[in-house]
Protein chains: 2
Amino acid sequence: MAHPVDAGGSWASRAAERLAAAGYRLGGARAAVLDLLDEQPCALTAYEIEAALRGRGRAVGRASVYRVLDELDELGLVTRVELGQSQARYEPARPDHHHHHLVCERCGAVVPFDDAGLERAIDALSRRADFDVHGHDIVLRGACAACRGSLS
Amino acid sequence: MAHPVDAGGSWASRAAERLAAAGYRLGGARAAVLDLLDEQPCALTAYEIEAALRGRGRAVGRASVYRVLDELDELGLVTRVELGQSQARYEPARPDHHHHHLVCERCGAVVPFDDAGLERAIDALSRRADFDVHGHDIVLRGACAACRGSLS
DNA sequence: TTTTCTGCAAACTGTTTGCAAAGGC
DNA sequence: GCCTTTGCAAACAGTTTGCAGAAAA
């Protein structure tokens, strides 16, 4: 096996399959990005991905990071989110782990959350809207637990 | 009266007052941006603002547009939204006209909407969260009425 | 008349693209 | 061996900043 992209039912292995089915080859850069994303519970920026890969001795060119993320996004394998920090973030799309984000306005921390009531409200609205709704993003802004406590 | 920034209870006049109270002078660029924003029902990009002002013979330097928007955002007079189009949009903050956005993935149209159920769900969640929630953004993605109809 | 504001041009940051070399299949 | 993928460097788009002249108060 040339590249790990671990086995079984992991997100990475499913993503690798779909990439192959779409005619993509599994080169070093793609495999490295898949492996890293597979471990992420929440969204990373392209720069964070690049740095993490370099940090683990699997450096990948910046352009390749962007190219891979773009392909994955197009295939629906990652979710691209913009949290108002002027740079995109990407996270593995796991249908069973749908979530949204809280952004701390003080320290910039990004915290995932999910809420059934919110999803219900969106579903109801989507059915009523004069618009074909394919997806949604929700961002809450405020102060995270740590920053709230440390305020004067 | 040096600059129009119309009278009465308009958003622009309230914004002008708060700017003055914060120690800002009402120069030509600020007045022009206030007047333009006052007419907007939804969010514009900096580029759209610049073009609209030029179009009405009140050209304003790009840097000034950004500077004014930044000040207004800091004072809470405009709302800055990022709709996943890699550029920020700004709209007058009218507490009585709180709304969110639908973005058409086909034509890029931005359509405002509001929904009481959604706001209720967010309020409930905010009260429960381990986070001080100050605000929220919601973006629905899909196909607008026009694009939905014209699909093959 | 003092201090702020404005426009220009240059700098910056995040992202994309062209191209030659390396590498899957 | 053919064709894709990769990394580099240069190009780009949106945004920010420094500075000198224009203009509020």
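Note: the structure precedes this text.
In this report, the structure presented in the accompanying data block is examined. These numbers come from a predicted model, not from an experiment. (Residues numbered from 1 in each chain as written. Chains lettered and ligands numbered in written order. Predicted model: local features only at pLDDT ≥ 70, side-chain atom pairs only at ≥ 80, totals over all residues. Heavy atoms only, no water.)

Mapping between the two chain copies consists of a rotation about an axis together with a translation along that axis. Here chain B sits on chain A after a turn of 180° about the axis and a move of 0.0 Å along it, with an RMSD of 0.0 Å. In symmetry terms, the pair is related by a two-fold rotation axis. For chain B, the residue whose C-alpha comes nearest the rotation axis is Ile138 of chain B, separated from it by 2.3 Å. Take the interface residues of chain B: 97% of them recur as interface residues in chain A, which is what a same-surface contact looks like. (Least-squares fit on C-alpha atoms with pLDDT ≥ 70 in both. Contact = heavy atoms within 4.5 Å.)

Surveying the vicinity of DNA strand D reveals 21 residues, the closest of which are Arg30, Ser64 and Arg67 of chain A together with Arg25 and Tyr66 of chain B. What you see for DNA strand D is that sugar and phosphate hold 69% of its atoms within 4 Å of the protein. Here a phosphate oxygen of DNA strand D and a backbone polar atom of Gly61 of chain A are 3.0 Å apart. Here a base nitrogen of DNA strand D and a side-chain polar atom of Arg25 of chain B are 2.5 Å apart. With four residues, the single largest contributor to the surface near DNA strand D is helix H4 (residues 62-74) of chain B. Here the surface near DNA strand D is composed, by residue class, of nine nonpolar, six polar and six charged. (Near = heavy atom within 4 Å. Polar contact = N/O pair within 3.5 Å; in protein donor to acceptor, adjacent residues only side chain to side chain. Helix = DSSP H or I, 4+ residues; strand = E, 2+ residues; numbered from the N terminus. Nonpolar A, V, L, I, M, F, W, Y, C, P; charged D, E, K, R; others polar.)

This brings us to helix H4 (residues 62-74) of chain A. Working note: α-helix, 3.6 residues per turn, so residues spaced by three or four point in the same direction. Residue and element names in this part refer to chain A. For H4, spanning 13 residues, the distance from its first C-alpha to its last is 19 Å, which sits close to the expected 18 Å at 1.5 Å a residue. Of the residues making up H4, those classed as buried are Val65, Val68, Leu69, Glu71 and Leu72. For H4, the angular spread of buried residues about the axis comes to 160°, placing them on one side. Residues of H4 that are exposed and point over 90 degrees away from its buried face: Arg67 and Glu74. Looking at the packing, one finds that the buried side of H4 touches helix H1 (11-21), helix H2 (28-38), helix H3 (46-55), strand E2 (78-82) and strand E3 (88-92). Of the residues one or two after H4, Gly76 is the one with positive phi, at around 75°. (Expected span 1.5 Å × (residues − 1). Buried < 20%, exposed > 50% of the residue type's maximum accessible area, 1.4 Å probe, protein only. Arc of directions from axis to C-beta.)

This part is about the pattern of salt bridges. One pass over the full model with this rule turns up 22 salt bridges over all chains. In this structure, Asp137 of chain A and Arg141 of chain B form a salt bridge, with 2.9 Å as the shortest nitrogen-oxygen distance. Here Asp137 of chain A, found in strand E6 (residues 131-144), pairs with Arg141 of chain B, found in strand E6 (residues 131-144), and the two come from separate chains. The pair formed by Asp137 of chain A and Arg141 of chain B is uniform in burial state, with each residue classed as buried. Overlapping salt bridges, with partners in common, bring together Glu50, Arg54 and Arg62 of chain A in one network. (Salt bridge = Lys/Arg side-chain N within 4 Å of Asp/Glu carboxyl O.)

To continue, consider the interface of chain B and chain A. Contact residues are listed per partner, giving 36 residues for chain B and 35 residues for chain A. Both faces combined, the contact of chain B with chain A buries some 2,900 Å², and carbon together with sulfur accounts for 56% of it. Inspection of the chain B/chain A interface yields six salt bridges. The salt bridge partner of Arg128 of chain B is Asp115 of chain A, with a shortest N-O separation of 2.6 Å. On the surface where chain B and chain A come into contact, there are 19 residue pairs in polar contact (both at pLDDT 80 or more). Listed by contribution, the elements that provide at least two residues to the side of chain B that touches chain A are strand E2 (78-82), strand E4 (100-104), strand E5 (110-113), helix H5 (116-128), E6 and helix H6 (145-149) of chain B. For the side of chain B that touches chain A, the element with the highest residue contribution is E6 of chain B, accounting for 14 residues. Within the side of chain B that touches chain A, the residues separate by chemical class into 18 nonpolar, eight polar and ten charged. Pairing geometry for E6 of chain A and E6 of chain B, over 13 bridges, is antiparallel. When the bridges of E6 of chain B are listed, Asp137 of chain A appears paired with Val139 of chain B. (Buried area = accessible area lost by both parts, 1.4 Å probe. Pairing = 2+ DSSP bridges.)

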